[in-house]
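Descriptive analysis of the structure
Residues per chain, in single letters:
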Amino acid sequence: MSQSANKGLIFGIMMGTAGISLIIVWYQKIRKPGSMNLPKLLSLSNEFNSISLQDAVHNERGTVVLLQQSQFQILEKLNDLLMSVEELKEEVKFLKEAIPELEKYVRVELRGNTAMHRTTPQHQAARKKKAKPGRGISTSNSSEEAESEGGYVTAQSDTEKGHLFGHKASKKTAKRLSLPVLIEMVDDLHLKSDSDKQKGFELLCNHKNKYKDETEFMWRLVRAYGDMYELSTNMGEKKKYASDGKDLGERAVSQAPKNGYCHLWYGNICGLFAECGGLQNRVKYGHLFKEHIDKALELIPDEPLLYYLNGRYCYSVFKLNWMEKKMASTLFGMVPTSSIEDALNNFLKAEELKPGYSKYNYVYLAKCYKELGNKAKALMYCDAALLVSSDNKRDHEAQVELENVILSLKQI
């Protein structure tokens, strides 16, 4: 058979297949309920034997479910691709920041290595002679003169000694701190710098076995897991902190369902955990976040943080893209709705309860007024945000967003 004949045969088969498909679609549209099923008069090639056309026509519900599953898989793959691109951007950013520090790091390492050197027997003898007259005062050498068994001098810095001393002290402290004293300490540390928040987390971990079933201890540890998530720059560490905090928060809510702070910090950690996975994870735990924030608002309505978090949720729902809305519809049968006015009212309430509540709250007030087209008020809150000092990681992140908002307002 000639090449042109082969092409004609293939084209004829393709046209025939397309015609069959059109007939089936036409039949599905015009078929009334209760009418006869399409007879089994058509048969496709072996590679289509796994799909039964008669079953697909007979059971339209099965076809719809199959299509939804296919859409769901496509959305997941698209979201995974977007997440991979975002992670790649973060890695590149990290490398750009790390490279300038490499030279400094190498110098520090080399300087540390030169602190260890071999001494001669004469030097050892001379030091012993010098040490004899001073025995009545002190029997210990300086940190630079501490000798190992092999005759090497090792430089143990005062900071290393302090670290070891602090480690021992923390163990002793863990044995004697009462719960009220511990709570007062960690609440105070939580309001201070990033390093203080880390100290608070370590202090809570040291008391975990002793107070693990105390509600007031549990929700504070969940809060500390959230702090550590915010401070960490490694996605694996972030996910671990969020996962551990989520499990503990779930137990705290189950144990004390009327405690508003259990709901607040469990909701908060669910929101953080939502950032650690794909689109399905974000939608699922975003739903849990909203559920527990609403419950906390019922129990502790004067807590400004709740209105800030609720405002963030309303703003993010307002900015949902098509894929996220489709996923929410597939998982929960409905798409969450919120307006920019809802977000604005929550941020204003947080400011009302505690003026100057946070730099981020000012940034989001500016964002909301920008969305509403009120440039004057947007700039007013940008100016207010500029007056808040950036002394921790979250404030630095807020500063970056603030600069983007100011730049976009200048272009209007």
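In this convention, every chain numbers its residues from 1, walking through the sequence in written order. Residue-level local features of this predicted model are given only where pLDDT is at least 70; pairs of side-chain atoms are given and counted only at 80 or more, and the full residue set underlies all totals for whole chains, interfaces and linings. Just so you know, side-chain values use all the structure's heavy atoms and leave hydrogens and water out.

Thoughts on empty space enclosed by the protein
Definition in use: Throughout, the protein atoms alone are placed on a 1 Å grid, and a set of points is a cavity if a 1.4 Å probe fits but cannot get out or a pocket if it is open with protein on both sides within 12 Å along at least five of seven lines; lining residues have an atom within 4 Å of a point. Grid points are joined across faces, edges and corners, and a volume is the space filled by probe spheres set on the points. In DSSP terms, a helix is any run of H or I states spanning at least four residues, a strand is any run of E spanning at least two, and both are numbered starting from the N terminus. Side-chain classes are defined by residue name, with Ala, Val, Leu, Ile, Met, Phe, Trp, Tyr, Cys and Pro counting as nonpolar, Asp, Glu, Lys and Arg as charged, and the others, Gly among them, as polar.
For the structure shown, the criterion picks out 1 cavity of 30 Å³ or more. Approximately 60 Å³ is the volume found for the largest cavity. Looking at the largest cavity, the residues that line it are Val 186, Leu 189, His 190, Asp 196, Lys 197, Gly 200, Phe 201, Leu 204, Arg 223, Ala 224 and Asp 227. Counting residues per element, the lining of the largest cavity draws most heavily on helix α7 (residues 194–206), at 5 residues. A per-class count over the lining of the largest cavity returns 5 nonpolar, 2 polar and 4 charged.

What to know about helix α11 (residues 260–274)
Inclusion rule: In this analysis, the expected span of each helix is defined as 1.5 Å times one less than the number of residues it contains. The definition of a polar contact used here is a pair of N or O atoms within 3.5 Å, where within protein one atom must be able to donate a hydrogen and the other to accept one, and adjacent residues in sequence count solely through side-chain atom pairs.
Taking 1.5 Å of rise per residue, 15 residues should cover 21 Å, and α11 covers 21 Å from first to last C-alpha, within 8% of that figure. Measuring from the backbone nitrogen of Tyr 261 back to the side-chain oxygen at the start of α11 gives 2.9 Å, which picks out Asn 259 as the cap.

Things to note about the side chain of Asn 281
Applicable threshold: Think of it in three bands: with a 1.4 Å probe and only protein chains considered, a residue is buried below 20% of the maximum accessible area for its type, exposed above 50%, and partly exposed in between.
One can find Asn 281 in helix α12 (residues 279–299). A relative accessible area of 18% places Asn 281 in the buried class. Here Phe 273 takes part through its backbone oxygen, which lies 2.9 Å from a polar atom of the side chain of Asn 281.

Description of the environment of Ala 378
Formally: Whether two residues are in contact is decided by their heavy atoms: any pair within 4.5 Å suffices.
By the secondary structure assignment, Ala 378 is in helix α17 (residues 375–386). On the basis of relative accessible area, Ala 378 is assigned to the buried category, the value being 0%. Taking C-alpha positions, Ala 378 is 8.8 Å from Val 363, a pair spaced 15 residues apart along the chain. When neighbours within four sequence positions are excluded, Ala 378 is seen to be in contact with Ala 366, Tyr 369, Lys 370 and Leu 409.

Topic: the environment of Asn 361
You can see Asn 361 is positioned in helix α16 (residues 359–371). Separated by 14 residues in the primary sequence, Asn 361 and Phe 347 have C-alpha atoms spaced 6.2 Å apart. Excluding residues that lie within four positions of it along the chain, Asn 361 makes contacts with Tyr 308, Phe 347, Ala 350 and Glu 351.

Regarding the nonpolar core
Quick reminder of the rule: To define a nonpolar core, start from buried Ala, Val, Leu, Ile, Met, Phe, Trp, Tyr and Cys residues and group those joined through side-chain atoms within 4.5 Å.
Of all hydrophobic cores here, the largest spans 74 residues; its most connected members are Leu 182, Leu 221, Leu 264 and Tyr 308. With near-sequence residues (within four places) excluded, Leu 221 lies in contact with Phe 201, Leu 204, Cys 205, Lys 208 and Leu 248. By size, the runner-up hydrophobic cluster in this structure holds 5 residues, among which are Val 283, Met 323, Met 327 and Ala 328.

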